[in-house]
Amino acid sequence: MANQMFDIRDKVAVVTGAGGGIGHAVASRFRNAGAEVVMVDVVDARSEADAIGAHFIQADVSSECDVERAMNEVAEKFGQLDIVVLNAGIAGKDDGVPIQDCSGESLRQVFAVNCHGVFYGIKHASTHMEDGGSIILTSSQAAMYTAPNTSEYTASKHAVIGLAKSGALELGPKGIRINAVCPGYVDTPINAKVSKVDEIVKITQAIGRLLTTDDVIGLFHFLASPESYMITGQALVIDGGKTAGMTQRFVSMLEKI
Amino acid sequence: MHSLENKLAVITGGTAGIGLAIARNFLACGARVVISSRSDHESVAETIGATYIAADVADPETVSALFQDVADQFGKIDIVVNNAGIALDLSGVESTDIKDMKRIMEINTFGTWYAMKFAPQHMNDNGSIINTGSVAGSGTTSAGNAEYSMSKAAVAYLTRTSAIELGARGIRVNAVCPALIAGTGMMTEDDGGPAARFCSALTALGRMGSLDEVVGIYNFLASDTSAFITGQEIRVDGGLTAGRPDTISDAIAKSLEI
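Novice: I keep staring at the overall build of chain B and nothing clicks. Help me out?
Specialist: For chain B, the count of helices and strands is 8 helices and 7 strands. Relative to its length of 258 residues, chain B is compact, with a C-alpha radius of gyration of 18 Å against a globular reference of 18 Å. Expressed along its principal axes, the backbone C-alpha trace of chain B runs to roughly 65 × 45 × 40 Å.

Novice: Teacher, can you tell me more about the overall build of chain A here?
Specialist: When helices and strands are counted, chain A shows 8 helices and 7 strands. Radius of gyration (C-alpha) of chain A: 18 Å, near the 18 Å computed for a compact globule of 257 residues. Relative to its 257 residues, chain A shows a buried fraction of 56%. In chain A, of all internal contacts separated by at least 6 residues, the share reaching a separation of at least 24 is 72%.

Novice: How do you make sense of the interface of chain B and chain A when you look at a structure like this?
Specialist: Each partner contributes to the interface: chain B provides 40 residues, whereas chain A provides 35 residues. Contributing elements (two or more residues each) for the side of chain B that touches chain A: α5 (146-166), α7 (211-222) and β7 (233-236) of chain B. Element by element, the count of residues in the side of chain B that touches chain A is highest for α7(B), at 6 residues. The residue inventory of the side of chain B that touches chain A, partitioned by class, reads 17 nonpolar, 20 polar and 3 charged.

Novice: Could you clarify how one ought to interpret the environment of B:V80 in this entry?
Specialist: Residue and element names in this part refer to chain B. In this structure, V80 sits in strand β4 (residues 77-82). Its 29 C-beta neighbours within 10 Å are what place V80 among the buried residues. Contacts of V80, omitting those with residues within four sequence positions, involve V10, A115, A119, M123 and I129.

Novice: Could you clarify how one ought to interpret the packing of helix α3 (residues 60-74) of chain B against helix α4 (residues 98-118) of chain B in this entry?
Specialist: When two helices pack together, their arrangement is given by the angle between the helix axes and the distance between those axes. All names here are of chain B. At their nearest, the axes of α3 and α4 sit 9 Å apart, and the two run at 45° to each other. Relative to α4, the element α3 lies oblique. The crossing of α3 and α4 is right-handed. Judged by residue contacts, P60, V63, S64 and F67 of α3 engage Y114, A115 and F118 from α4. Looking at side-chain class alone, the contact of α3 with α4 contains 6 nonpolar, 1 polar and no charged residues.

Novice: Looking at this model, I keep getting lost on the environment of B:A54. Mind explaining?
Specialist: All names here are of chain B. Tracing the chain through its elements places A54 in the loop between β3 (51-52) and α3. It is 18 Å that separates the C-alpha atoms of A54 and H122, two residues lying 68 residues apart in sequence. In contact with A54, not counting residues within four places along its chain, are S36, S37, R38 and D40.

Novice: I keep staring at the sheet that holds strand β5 (residues 123-132) of chain B and nothing clicks. Help me out?
Specialist: Hydrogen bonding along the main chain pairs the strands of a sheet, whether they run parallel or antiparallel. Residues and elements named next belong to chain B. Spatially, β3-β2-β1-β4-β5-β6-β7 is the arrangement adopted by the 7 strands of the open sheet, whose pairing is parallel. Both edges of this open sheet fall to β3 and β7, since each of them pairs with a single strand only. Each of β1 (8-12), β4, β5, β6 (172-178) and β7 touches α7; the most contacted strand, β5, lies at about 160° to it.

Novice: Can you help me understand the pairing of strand β3 (residues 55-58) of chain A in this one?
Specialist: Two faces, one strand: in a regular strand the side chains alternate between the faces of the sheet. Bridge analysis of strand β2 (residues 36-41) of chain A against β3(A) gives 4 bridges, and the strand direction is parallel. Its bridge partner lying in β3(A), A:V40 is registered against A:I57.

Novice: Got a minute to help me understand the sheet that holds strand β6 (residues 177-183) of chain A in this structure?
Specialist: Residues and elements named next belong to chain A. Across the sheet, 7 strands lie side by side as β3-β2-β1-β4-β5-β6-β7; this open sheet has parallel pairing. Edge positions in the sheet fall to β3 and β7 (235-238), since each has one partner strand and no second. Along the sheet, successive strands turn relative to each other by an average axial angle of 20°, direction set aside. Bridge count for β6 against β7 is 4 bridges, and the pairing is parallel. Bridged to C182 within β7 is V237. The sheet contacts of helix α1 (residues 21-32) involve β1 (12-16), β2, β4 (83-86), β5 (134-138) and β6, and relative to β1 the element is tilted by about 165°.

Novice: How should the pairing of β2(A) be read in this particular structure?
Specialist: All names here are of chain A. Among the 6 residues of β2, 6 are classified as buried, and the element is accordingly described as predominantly covered. Every second residue of β2 is oriented toward a common face, with E36, V38 and V40 on one face and V37, M39 and D41 on the other, all of them buried. Here β1 pairs with β2 via 5 bridges, running parallel. By the bridge assignment for β2, A13 is matched with V37.

Novice: When you look at the packing of helix α3 (residues 64-78) of chain A against helix α4 (residues 104-126) of chain A in this model, what are you seeing that I'm missing?
Specialist: Residues and elements named next belong to chain A. The interhelical angle for the contact between α3 and α4, taken along N-to-C directions, is 35°, at an axis separation of 9 Å. Handedness of the α3/α4 crossing: right-handed. Residues E64, V67, E68 and M71 of α3 form the contact with α4, whose own contacting residues are Y120, G121, H124 and A125.

Novice: Sorry if this is basic, but what is going on with the confidence of the model for chain B here?
Specialist: Detailed conclusions should not be drawn from predicted coordinates in areas where pLDDT is low. Confidence along chain B averages 92 in pLDDT terms, with 96% of residues attaining 70 or more. Two numbers describe this predicted complex: its pTM, 0.94, and its ipTM, 0.91.

Here is what the cut-offs are and how they apply
- Residues numbered from 1 in each chain as written.
- Chains lettered and ligands numbered in written order.
- Predicted model: local features only at pLDDT ≥ 70, side-chain atom pairs only at ≥ 80, totals over all residues.
- Helix = DSSP H or I, 4+ residues; strand = E, 2+ residues; numbered from the N terminus.
- Rg over C-alpha atoms; globule rule 2.2 N^0.38 Å.
- Buried ≥ 20, exposed ≤ 12 C-beta atoms within 10 Å, placed from the backbone.
- Contact = placed C-beta atoms within 7 Å.
- Nonpolar A, V, L, I, M, F, W, Y, C, P; charged D, E, K, R; others polar.
- Axes fitted to C-alpha atoms, helices over the stretch in contact; angles between N-to-C directions.
- Parallel < 35°, antiparallel > 145°, perpendicular 65-115°, else oblique.
- Left-handed = near helix turned anticlockwise from the far one by under 90°.
- Pairing = 2+ DSSP bridges.
- pLDDT = per-residue confidence, 0-100.

This is how it looks when you write it as structure tokens:
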């Protein structure tokens with residue numbers, strides 16, 4: 001029965017931000033599980049797609065036209081759309097900058113990709129989806145518990161959860177579910193600027209190691225599969241227990257301050 | 001990909017409802033399963049190919065003995081599902097008997113706490129503990145449901161602290177928080193009765209969940225694929241906690257017109 005569970009064979013899946021990081025790992029996982037996969041990215045990821053037998057559409061998720069075109073192309077080519085992973089996201093030029101010094105330009109860019117991009121994805125994918133369809137949004141642990149100097153990213157990832165909830169209410173009657181995944185620090189390019197993060201997590205997380213893309217893809221697979229039909233409008237956190245609370249190591253460290 | 005092959009699982013409240021459905025699923029995925037309940041259910045276990053060991057989760061001695069017996073007979077445990085629980089008929093705090101309040105706390109909350117106290121020493125590292133919570137303790141509740149809600153809210157925070165305490169051993173602890181599921185001790189079939197209408201009005205997906213639809217998350221959390229998820233309350237609720245669907249807004253509008 002293990003092989004019959006979490007079955008996504010022959011489903012059609014779109015993954016945005018699939019050129020690297022979590023998106024690429026999810027696309028590979030879905031492909032290994034027998035789904036047809038369309039990778040979407042603003043940069044050319046055609047060779048990454050070829051390497052795993054996936055398709056590629058180049059599109060900028062912050063452009064509604066691009067997103068509509070991409071979703072229509074997929075629907076025309078395959079006649080179905082079952083799984084949509086809206087993962088494209090940026091930290092923004094002002095990542096690490098306090099609010100007082102943030103620029104409007106960076107704020108707009110972060111929201112354009114992280115929020116508008118997700119919004120357009122929901123809008124234009126859902127028209128092609130049917131009962132049993134699953135939309136998965138990549139949010140972040142920052143939407144639960146954040147840090148200073150990352151206000152634009154944090155706000156944008158909170159908005160993603162709002163879209164999961166509203167989307168769930170509107171798409172529920174059609175049997176389409178939509179959820180957000182909130183990963184902790186993952187060892188991917190978006191976190192390259194965070195120094196000593198591998199040491200930090202040993203103190204702050206119950207499971208004291210860095211999250212890898214391998215850890216995260218299992219949750220995306222679960223949410224894509226029929227077994228998660230009744231789970232919708234939720235934000236699922238995968239963070240080694242950081243948001244659960246303080247570890248003994250953390251408390252001991254505080255006592256020494 | 002999500003194998004439970006040869007894992008040893010113990011499921012309290014495992015002889016009916018969600019617990020039994022989980023037992024069947026785990027067995028079908030190659031796990032060895034021990035199911036437990038208060039009264040004699042050997043025959044249930046035999047029918048599905050599990051082992052039965054009696055225990056009253058409200059009695060710490062029998063809980064301790066349960067995990068000790070499993071370890072003695074079968075070896076170290078990989079998966080613990082703390083599913084035993086009761087509910088009460090809806091009744092405001094002022095009219096609820098103190099003994100009923102204490103009883104539900106003893107079974108739902110203390111029972112889970114006893115498992116957290118006694119099970120881990122008999123578990124392998126990198127194992128998984130899954131507590132059955134509820135949306136009533138992790139999301140939204142209702143008048144008349146105080147004792148059940150608080151018993152399950154307590155389980156949610158016990159889940160967090162145990163996740164933190166056991167993290168160093170790689171043992172993760174999570175709570176599955178269902179809304180109304182047909183076929184459990186607490187909920188009749190999806191028969192069009194009041195509970196079913198309640199679900200169809202209140203959830204975006206428009207109906208009660210079935211046992212099949214709640215088993216998958218337990219399986220996922222039991223397997224190594226979920227190794228990095230811990231301390232979480234995962235709601236299986238058809239969108240109940242996401243917000244108010246149009247059906248409810250329409251119903252409210254209608255009732256105000258009368």
